[in-house]
Amino acid sequence: MRDFPVTIYHNPDCGTSRNTLALIRHAGLEPVVIEYLQAPPTREQLATMIAAAGLTVREAIREKGTPYAELGLDNPDLADAQLLDAMLKHPILINRPFVVTPMGTRLARPSELVLDIVPADAFTRGFVKEDGERVLDDQGRRIA
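Values in this document were obtained by computation on a predicted structure and should not be read as measured data.

Let's shift gears to the pattern of salt bridges. According to the stated counting rule, one finds nine salt bridges in the structure shown. A salt bridge links Asp116 to Arg106, with the nearest nitrogen and oxygen atoms 3.7 Å apart. Of this pair, Asp116 sits in the loop between strand S4 (104–107) and strand S5 (127–128) while Arg106 is found in strand S4, placing the two residues 10 residues apart along the sequence. Using a relative accessible area of 32% as the deciding quantity, one classes Asp116 as partly exposed. Within this structure, Arg106, Asp116 and Arg142 form a network of salt bridges that share partners.

Listed below in structure tokens is the structure:
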């Protein structure tokens, strides 16, 4: 294993999250895996990840399969602080997976966005996602 710290905020029930974790491990890296539904990030950690990923708080909220509509989170007048409060109270609202490395932070949707923040030379062979989509060719190069 390389000495390259990686943290993934993971939901094992999410295919995108599983594919992202598999890509990280495919690079020979063993990340710190935080199942954020059981161990949500702190408010500061969440706000920092969102900002580091270049997202707004609203862009980091998951709508599908969550209480987003029931909580009225589609109200454009809600402040970031109110949205963060909702995400911390209901971690299922946190979009996933967030990945943090020394090369940056990404919301890895789609999963291959994680390739932007792990060393490219870590990949030496092909990779296929759960659904059969090829992400890396046989030499470990990203497929456009």
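That covers the picture; the talk isn't over yet.
So, on to the side chain of His10. As for its position among the elements, His10 is in strand S1 (residues 7–10). Residue class for His10 comes out buried when judged on its relative accessible area of 5%. A distance of 2.6 Å separates polar atoms of two side chains, one belonging to His10 and the other to Ser17. Each residue touching His10, except ones within four places of it in the same chain, is listed here: Ser17, Arg18, Leu21, Val33, Ile34, Glu35 and Tyr36.

With four bridges joining them, S1 and strand S2 (residues 32–35) adopt parallel strand pairing. Paired with Thr7 across the two strands is Val32, which belongs to S2. Assessed by its sense of winding, the connection that carries the chain from S1 through helix H1 (residues 15–26) to S2 is right-handed. Across three bridges, the pairing between S1 and strand S3 (residues 98–101) is antiparallel. Looking across to S3, one finds that Thr7 is bridged to Val100.

As a further point, take the sheet that holds S2. Pairing between the strands of a sheet is mediated by backbone hydrogen bonds and can be parallel or antiparallel. With mixed pairing, four strands are arranged side by side in an open sheet as S2-S1-S3-S4. Each having just a single partner strand, S2 and S4 make up the two edges of the open sheet. Shown here is a sheet whose adjacent strand axes are inclined to one another by a mean of 15 degrees, direction ignored. Packing against the sheet, H1 makes contact with S1, S2 and S3, and its axis sits at approximately 160 degrees to S1. In the packing of helix H2 (residues 43–52) onto the sheet, the strands contacted are S1, S3 and S4, and the crossing angle to S3 comes to about 80 degrees.

Cut-offs applied
- Residues numbered from 1 in each chain as written.
- Predicted model: local features only at pLDDT ≥ 70, side-chain atom pairs only at ≥ 80, totals over all residues.
- Heavy atoms only, no water.
- Salt bridge = Lys/Arg side-chain N within 4 Å of Asp/Glu carboxyl O.
- Helix = DSSP H or I, 4+ residues; strand = E, 2+ residues; numbered from the N terminus.
- Buried < 20%, exposed > 50% of the residue type's maximum accessible area, 1.4 Å probe, protein only.
- Polar contact = N/O pair within 3.5 Å; in protein donor to acceptor, adjacent residues only side chain to side chain.
- Contact = heavy atoms within 4.5 Å.
- Pairing = 2+ DSSP bridges.
- Right-handed = clockwise from strand over helix to strand, strands pointing away.
- Axes fitted to C-alpha atoms, helices over the stretch in contact; angles between N-to-C directions.

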